[in-house]
Amino acid sequence: MPRKNHRRTACLGALLAGATAFGGALTSPASAAPAAASRHAPPPPVSDFRGVNWADPRDNYADDAVVPSGLSTSDSYATTYAKSRAIIGGFAKLGANTVRLPVNPTSVNGPFWKSYRGAIDAATARGFKVILGYWEADNAKDGKIDDQASWDRMWARITSAYGRNSKAYFEPMNEPFGYTAQEWTDIAAKWVNTHRDVPRDRILISGYKYSEDVKPVCADSRLDGTRIALHNYGFWHTDWTSVDQWKADFKERIGTCASRTILDEFGATMTSGLDYNGPVNGSSEVAYIQAATDTIRELGLGSVYWPGLRNGDTYSLTTLQGTGTRLSLTVNNQSGLDRLHWAWKQ
């Protein structure tokens, strides 16, 4: 997402110039073999993507390996798998069937990849769709690919490992705000051509700028058949307290592309006691969440809440409990989860 704390500031500048316990069963994992590909199965509609982001406490912008909350670079594959199995089990009890995980060259091209694969494998073994999205480093933060050669090696390694796994999805870049629409669609089209063995329905191309407008991507015939990633946040317009105004904003960003669109980042404060089921009462966040979930349901969008779990994030839908591999999740705001269930028709 546009970074809360300093990511929020960057995004705003660009745009303006109760707890229930959850946990997965904990058993000793055997080797987690990726699910076999089913290239001939019809692709699921975007509405079948009902998910959450699992994020690094640093918000996925990392100069070193990006590490989702609760995991560690010092863990073995088996330990990572066991931790991830518990956390993914918690996500499943929220009603999710999709998790979005961050990657960067250090995570994939370096030693962490051997153990990090445990998180991906635990999710796919549970039947989850796994969206792997690239985040640039914190020290660059210009909305562009940091190092082309390292990025290419990263994606070659990821697609070699998971290109034949029908549960794995690939998002070449998160929020490519440093590029013009033409520059970005050129980069995306080159990625699709380079990885032509990956079915297009398993590729998510981020919308323009902060993934905030999918129409330029949707209009490019070179990207036909791919999914498109949309981001939209309530803090972009804190003065908007009308549900209808927010709905109109969502629809303007989507245009006629709803059948390809996955809203893979949206979120609001879940730790302050806001009632997202109640009247708006002048709250831009309540208006925004109600509009977002109504729009997801109405248009049949895919959706991946930001974040399902991120330590220290007030937007986090859950809090991580436990130690070692004995982990569980508690829900921070039941009304927020209720709105996701409404969006997901659960």
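Scroll up to find the structure this text is about.
What counts, and where the lines are drawn
Residue positions within a chain follow its written sequence, with the count starting from 1. The model is predicted, so local features are restricted to residues of pLDDT at least 70 and side-chain atom pairs to those at 80 or more, both for listing and for counting; the totals for chains, interfaces and linings are taken over all residues. To obtain the side-chain values, all non-hydrogen atoms of the structure were used and water was disregarded. A pair of strands counts as paired when DSSP detects no fewer than two bridges linking them. By the criteria applied, helices consist of DSSP H or I runs no shorter than four residues and strands consist of E runs no shorter than two, each listed in order from the N terminus. To obtain each axis, a line is fitted to C-alpha atoms, and for helices this fit is confined to the stretch in contact; angles are then taken between N-to-C directions over 0 to 180 degrees. Contacts: residue pairs with any heavy atoms within 4.5 Å of one another. Nonpolar core, defined: a set of buried Ala, Val, Leu, Ile, Met, Phe, Trp, Tyr and Cys residues in which side-chain atoms within 4.5 Å join the residues together. Each residue's exposure class comes from its accessible area (1.4 Å probe, protein chains only) as a fraction of the maximum for that residue type: buried when under 20%, exposed when over 50%, partly exposed otherwise. For Phe, Tyr and Trp, where Trp contributes only its six-membered ring, two rings pair if their centres lie within 6.5 Å, and the inter-plane angle classes them as stacked under 30 degrees, edge-to-face over 60, or tilted in between. By definition here, a salt bridge exists when the distance from a side-chain nitrogen of Lys or Arg to a carboxyl oxygen of Asp or Glu is within 4 Å. Orienting the strands away from the viewer, one traces the path from the first strand over the helix to the second; a clockwise path indicates a right-handed crossover.

Caption draft 1: The sheet that holds strand 2 (residues 50-54), seen in detail. Strand order in the open sheet made by the eight strands is 5-4-3-2-9-8-7-6, with parallel pairing throughout. Looking at strand neighbours, the two that pair on one side only are strand 5 (168-171) and strand 6 (204-206), the edges of this open sheet. Averaged over all adjacent pairs, the angle separating strand axes in this sheet is 30 degrees, with direction ignored. Both strand 2 and strand 9 (residues 302-309) contribute to a ladder of four bridges, which runs parallel.

Caption draft 2: Seen up close, the environment of S303. In this structure, S303 sits in strand 9. Along the backbone, S303 and G51 are 252 residues apart, and their C-alpha atoms lie at a distance of 6.1 Å. When near neighbours in sequence (up to four residues on either side) are disregarded, S303 contacts F49, R50, G51, I262, L263, F266, I296 and W344.

Caption draft 3: Local environment of the nonpolar core. If you look at the biggest cluster of nonpolar residues, it comprises 89 residues, and the most contacted ones within it are W54, F91, V99, V103, W155, I158 and F170. No other element matches helix 10 (residues 284-299), which puts seven residues into this core. Core analysis: the second largest hydrophobic core is formed by eight residues, F49, I131, Y169 and A229 among them.

Caption draft 4: Region of the structure containing the environment of A291. With respect to the element layout, A291 can be found in helix 10. Among residues more than four places away in sequence, those in contact with A291 are V243, W246 and K247.

Caption draft 5: Layout of the packing of aromatic side chains. Within the structure shown, the criterion is met by 18 aromatic pairs. Aromatic pair W155 and F170: ring centres 6.2 Å apart, planes at 90 degrees, arrangement edge-to-face. Pair noted here: W155 is in helix 5 (residues 148-162) and F170 is in strand 5, with a separation of 15 residues, a long-range link. Neither W155 nor F170 differs from the other in exposure class; each is buried.

Caption draft 6: Spatial organisation of the pattern of salt bridges. Overall, the coordinates contain 19 salt bridges when judged by the stated rule. The shortest N-O distance in the salt bridge between R339 and D294 comes to 2.8 Å. You can see R339 sitting in helix 11 (residues 334-343) and its partner D294 sitting in helix 10, a full 45 residues away along the chain. Overlapping salt bridges bring together R100, E171, D264 and E265 as one network.

Caption draft 7: Here's a closer look at the pairing of strand 4 (residues 129-134). In terms of residue burial, strand 4 counts as a mostly covered element, since six of its six residues are buried. Every second residue of strand 4 is oriented toward a common face, with K129, I131 and G133 on one face and V130, L132 and Y134 on the other, all of them buried. When strand 3 (residues 98-103) meets strand 4, the two strands line up parallel, connected through six bridges. The residue of strand 4 that forms the bridge with P102 is G133. With four bridges connecting them, strand 4 and strand 5 associate as parallel partners. Bridge pairing in strand 5 links I131 to Y169. Handedness of the β-α-β unit built from strand 4, helix 5 and strand 5 comes out right-handed.

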